[in-house]
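Structure at a glance
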Amino acid sequence: MANSNYDYSRIEKKWQKYWDEHQTFRAGTDYSKPKFYALVEFPYPSGQGLHIGHPRPYTAMDIVARKRRLEGYNVLFPMGWDAFGLPTENFAIKNKIHPAIVTENNVRRFKEQLKSLGLSFDWDREINTTDPDYFKWTQWIFIQLFKKGLAYKKEMAVNWCTSCKVVLANEEVVGGCCERCGGEVIRKVKSQWMLKITEYAQKLIDDLTEVDYLEKIKTTQINWIGRSEGAEVDFETTAGDTLTVYTTRPDTLFGATYMVIAPEHPMLKKWENLLTNPEEIRAYQELAARKSDFDRTEMNKDKTGVRLQGVSAINPVNGKEIPIFISDYVLMSYGTGAIMAVPAHDDRDWEFAKVFGIDMIEVVAGGNIEECAFTDCATGIMTNSGFLTGLSVEDAKIKIKDWLEETGKGHRKINYKLRDWVFSRQRYWGEPIPLVNCQKCGWVAIPEEELPLRLPEVESYMPTDNGESPLSTLESFINTTCPCCGGAAKRETDTMPQWAGSSWYFLRYCDPHNPEQLASKEALEYWMPVDWYNGGMEHTTLHLLYSRFWNKFLYDIGSVSCKEPYMRRTSHGMVLGEDGQKMSKSRGNVINPDDVVRQYGADTLRLYEMFIGDFEKTAPWSPSSIKGCKRFLDRVWALQDILTDGDVYRPELMSAFHKTIKKVTEDIEALKFNTAIAAMMALVNDIYATGSVTKAEYRTLLILLNPFAPHMTEELYEICNFGGVLNQQKWAVYEESLCVDQTVEIVVQVNGKLKTKLTIPVNAEKDVALAQALAEQKVQDAVAGKNFIKQIYVQNKLVNFVVK
RNA sequence: GCCGGUGUGUCGGAAUGGCAGACGAGACAGACUCAAAAUCUGUUGUCCGCAAGGGCGUGUGGGUUCAAGUCCCACCACCGGCACCA
């Protein structure tokens, strides 16, 4: 009989209390110790409470953090709340509760749930983005950006969610719909605060070489930033001015038979009096403006447009006059908002030219332009191209760029798809933008002593239908004096987007209570960069990019000491419902972590979330599979009944132990938690096969398992009187030389087919192994009467006789 | 269309070019039990065979190799992301 039942509920509460009281996981301030900074994305404390997907990445990093502590590192593993945002505000509106109260309640619930999972966060460093002591520094950073000219206000077409009544960043629009609510997104011209992330585009690409991110994260970011090399080319027009285009294919300049400008292009205004078909143009402009992004993508098959009558352009290489069109396939937001169209060598231009019956000139030989545009840069040879004829495309690109620069008709240019970050939101529950507008001085930052600029109390948080912030109705908030001239001024009423607070939170964790600075220099120099940051793939082009940008800016102004905030970035797969579908209320496949903790205990839940499959891939929840993890813990618990006095690894388990230590040690670092657990399960099976366990064996097993199942292993460690508490012990060590057995089983093949297996001494010499293999009857039968072609021996693996 | 990723038993999934299916689940059989649950033991890719044994098996088709789930080429299916970016 077991000394006691595995009463997980009692044990887990006991140890959670113990860790709390002893501040076991408090990050030390001894800066002479080696540090390890493990980070998980802090949650948005929603009203639904913790989702079953949360524990997966949290447990993973908890395992790493716990292991590193046992290895002697000073570990920082913090947690906080990304609490500004729309759902809280919407809930507040609906239920007439202040969003701050809603946030407080949600945070309390989340914290309880996280604690019930035994996650080893340093709760002394808990932060909350809605805390004025925190967002004081979010506002401070904004002011620095403003002072350096990286925050600017611009009248522009923005993405407007008709349902949330709020502006969205480009990154927040998914397939023409609002990322959050799925509502229709339309384009609306508004004056918005923008952050010049584009200024950092090149650095954001280049510095990826210095960090260890999953390759797909790097490529996604690189593709999102979308660097392209080309040239800007100036086309003179019959209006006597110049129309500049951007192209990546200046080599095809001789093939440019028309031009297209975006419907919003400013030149149209300039040419107003010269254009003879203004109605037609205006009608098209209105049509294009009404189209949402969604419509634009939907309609991308049929090219539409209007030819400008009265103005045309001159091709600078051959002086030919070519027509200019407006069409919504050219975007004002990229390049110069104007293109030279080369229908023979660009798919979109080809389609457009077919619709409008425009000439094509083949300038790169090798395709059939009657059928489709020939866009291959690698094999084509220039033709019909004057001084470029006969060159390869690559050589032609260089030559034409040189020519453009020599003649002053253009120049080399690099463009990025990345656009500046729309940073204003017309909602209540966000950081107020700390600027005032003065008639005389324009936009002025409020003095830093006045930070934090708190949110005023308002009657209603309702977003207004005219698209202004709820703060805009509050005279007492708006009216203020100009810090510059002392005259009357008005405060900015927009707030910051939810991404603001999370763009620098990893810095605040280093020194979370500092009232003087966002964090002290010493703390930042010691803890930064984050050694390992795990989070969702969905943040690759949002939070991950934004926070790299902010960190780089803070680095440039001397506030932080490293160029890149995160040394290593990994990503976890989602936990799906039992049916393999994404968990959702409507599907009825939602699993609540509280229920699982109640039914099986936190240790089982932790173990299962790690065992469920490859950490980086999605995995369906399986109610029966989790029982296997509980069963395993029960078996570990019951080992205490067969504990002997012996205090060494027994010879028959010697290599099994060393191998398992090695496997678990390495697998944790490689995110292969599932195979680490499998190895421990196999070890326990091996132990049971011997009928008993020694103290040394049990102790090692408990240490290996501790990061995964911290409560139970602490309890067993105490029950068995192994001395002290487990979390103060040292991680298990292995010796390479003891990971191998004295003998190995090798495979004997004839012509690659398995014939028999053979047990021979480890590292046996070739002739010894071959001789022994050849002595086997089955081998004899298989090779009888045949000639040996080859005899292959792979040490400790196999013997293969190739015969004919 | 472009960029990623993934295809292995009934299921989740293991396999530095070297015994495919570790570990777990499920199923089946047995032990314990009045009985059930729990637990323990065994079997469990598939086909032929009473057996010994043998054939076939990692999405499809080729190739490299003594040896391919793994490397190369072509293709198919599914998942995710981006999408008129000149």
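Here we summarise the structure given alongside this text. Not measured: the values here are computed from a predicted model.

With that settled, the discussion passes to the packing of aromatic side chains. As enumerated under the stated definition, the model contains 48 aromatic pairs in all. When the ring of Tyr 505 is compared with that of Tyr 509, the centres are 5.4 Å apart and the planes differ by 65°; the resulting orientation is edge-to-face. Here Tyr 505 falls in the buried class, since its relative accessible area comes to 0%. On the basis of relative accessible area, Tyr 509 is assigned to the buried category, the value being 0%. Summarising the aromatic geometry, the rings of Tyr 649 and Phe 657 are spaced 4.7 Å apart at their centres and angled 10° between planes, so their arrangement reads as stacked. Three or more aromatic residues joined by ring pairs form one cluster here, namely Phe 142, Phe 146, Trp 193, Tyr 200, Trp 421, Phe 423, Trp 443, Trp 499, Tyr 546, Phe 549 and Trp 550.

Looking now at helix 9 (residues 278-290). Taking 1.5 Å of rise per residue, 13 residues should cover 18 Å, and helix 9 covers 18 Å from first to last C-alpha, within 8% of that figure. Listing the buried residues of helix 9 in full gives Ile 281, Tyr 284 and Ala 288. Considered in projection along helix 9, the buried side chains sweep an arc of 65° and stay on one side of the axis. Of the residues in helix 9, the exposed ones pointing more than 90 degrees away from the buried face are Glu 279 and Arg 290.

Before going further, it helps to examine the pattern of salt bridges. For the structure shown, the criterion picks out 43 salt bridges. Of the charged contacts in the structure, one is a salt bridge between Glu 21 and Lys 17, with a shortest N-O distance of 3.7 Å. Here Lys 17 and Glu 21 lie together in helix 1 (residues 8-22), a separation of four residues that amounts to about one turn. Its relative accessible area of 54% is what places Glu 21 among the exposed residues. Each member of the salt-bridge network shares a partner with another, and the members are Asp 207, Glu 210, Arg 548, Lys 552, Lys 563 and Glu 564.

With that settled, consider the side chain of Glu 564. Looking at the element boundaries, Glu 564 is found in the loop between helix 17 (543-556) and strand 26 (568-571). You can call Glu 564 buried: its relative accessible area is 4%. A distance of 2.8 Å separates a polar atom in the side chain of Glu 564 from a polar atom in the side chain of Arg 548. Non-local contacts of Glu 564, meaning those with residues more than four positions away in its chain, are made with Asp 207, Val 211, Tyr 213, Pro 529, Arg 548, Asn 551 and Lys 552.

Read across the open sheet, the four strands follow the order 6-5-9-20; overall the sheet is antiparallel. Looking at the sheet topology across the chains shown, the edges are occupied by strand 6 (166-168) and strand 20 (421-422). Pairing geometry for strand 5 (residues 151-161) and strand 6, over three bridges, is antiparallel. Bridge pairing in strand 6 links Cys 161 to Val 166. Running over the sheet, helix 5 (residues 132-147) touches strand 5 and strand 9 (185-195) and is turned about 85° from strand 9.

This part covers the protein's contact with RNA strand B. Residues in close proximity to RNA strand B total 50 residues, the closest being Thr 248, Tyr 329, Arg 348, Lys 417 and Lys 757. Taken together, the sugar and phosphate atoms account for 60% of what RNA strand B places within 4 Å of the protein. Residue Ile 612 places a main-chain N or O atom 2.5 Å away from a sugar or linking oxygen belonging to RNA strand B. In the environment of RNA strand B, a base oxygen lies 2.4 Å from a nitrogen or oxygen atom belonging to the side chain of Lys 757. Looking at which element gives the most residues to the surface near RNA strand B, the answer is helix 22 (residues 673-690), with five residues. In the surface near RNA strand B, the residues fall into 17 nonpolar, 15 polar and 18 charged.

Another point: the sheet that holds strand 26. Ordered by their spatial adjacency, five strands build an open sheet running 2-1-25-26-10, and the pairing between neighbours is parallel. A strand with exactly one partner marks an edge of an open sheet, and here the two such strands are strand 2 (74-76) and strand 10 (212-213). Two strands pair when backbone bridges link them, and strand 10 and strand 26 are joined in this way by two bridges, in the parallel orientation. Looking at the pairing, Tyr 213 lines up with Arg 569 of strand 26.

A separate point is the environment of Cys 720. Here Cys 720 shows up in the loop between helix 24 (710-719) and strand 29 (743-750). On a C-alpha basis, the gap between Cys 720 and Ile 324 in space is 86 Å, while along the polypeptide they are 396 residues apart. Apart from the residues lying within four places of it in its own chain, the contact partners of Cys 720 are Gln 640, Leu 643 and Tyr 698.

With the rule as written, the count across this model stands at zero disulfides. Summary of cysteine pairing: Cys 377 is not part of a disulfide, and the nearest cysteine sulfur, belonging to Cys 372, is at 14 Å. In this structure Cys 377 comes out as partly exposed when scored by relative accessible area, which is 23%. You can see Cys 441 has no disulfide; the closest cysteine sulfur is in Cys 485, sitting 3.7 Å from it.

Every α-helical turn comprises 3.6 residues, leaving residues that sit three or four positions apart pointing alike. Burial runs high along helix 23 (residues 695-705): nine of the eleven residues are buried. For helix 23, the full list of buried residues reads Ala 696, Glu 697, Tyr 698, Thr 700, Leu 701, Leu 702, Ile 703, Leu 704 and Leu 705. On its buried side, helix 23 packs onto helix 2 (55-70), helix 19 (602-611), helix 20 (625-638), helix 21 (651-669), helix 22 and helix 24.

In this structure, strand 5 lies alongside strand 9, joined through eleven bridges in antiparallel fashion. Its bridge partner lying in strand 9, Lys 154 is registered against Gln 192. The hairpin formed by strand 5 and strand 6 contains four residues between the paired strands, and Lys 165 there has a positive phi angle of roughly 55°.

Quick notes on the rules
Residues numbered from 1 in each chain as written. Chains lettered and ligands numbered in written order. Predicted model: local features only at pLDDT ≥ 70, side-chain atom pairs only at ≥ 80, totals over all residues. Heavy atoms only, no water. Phe/Tyr/Trp six-rings, centres within 6.5 Å; stacked < 30°, edge-to-face > 60°. Buried < 20%, exposed > 50% of the residue type's maximum accessible area, 1.4 Å probe, protein only. Helix = DSSP H or I, 4+ residues; strand = E, 2+ residues; numbered from the N terminus. Expected span 1.5 Å × (residues − 1). Arc of directions from axis to C-beta. Salt bridge = Lys/Arg side-chain N within 4 Å of Asp/Glu carboxyl O. Polar contact = N/O pair within 3.5 Å; in protein donor to acceptor, adjacent residues only side chain to side chain. Contact = heavy atoms within 4.5 Å. Pairing = 2+ DSSP bridges. Axes fitted to C-alpha atoms, helices over the stretch in contact; angles between N-to-C directions. Near = heavy atom within 4 Å. Nonpolar A, V, L, I, M, F, W, Y, C, P; charged D, E, K, R; others polar. Disulfide = S-S within 2.5 Å.

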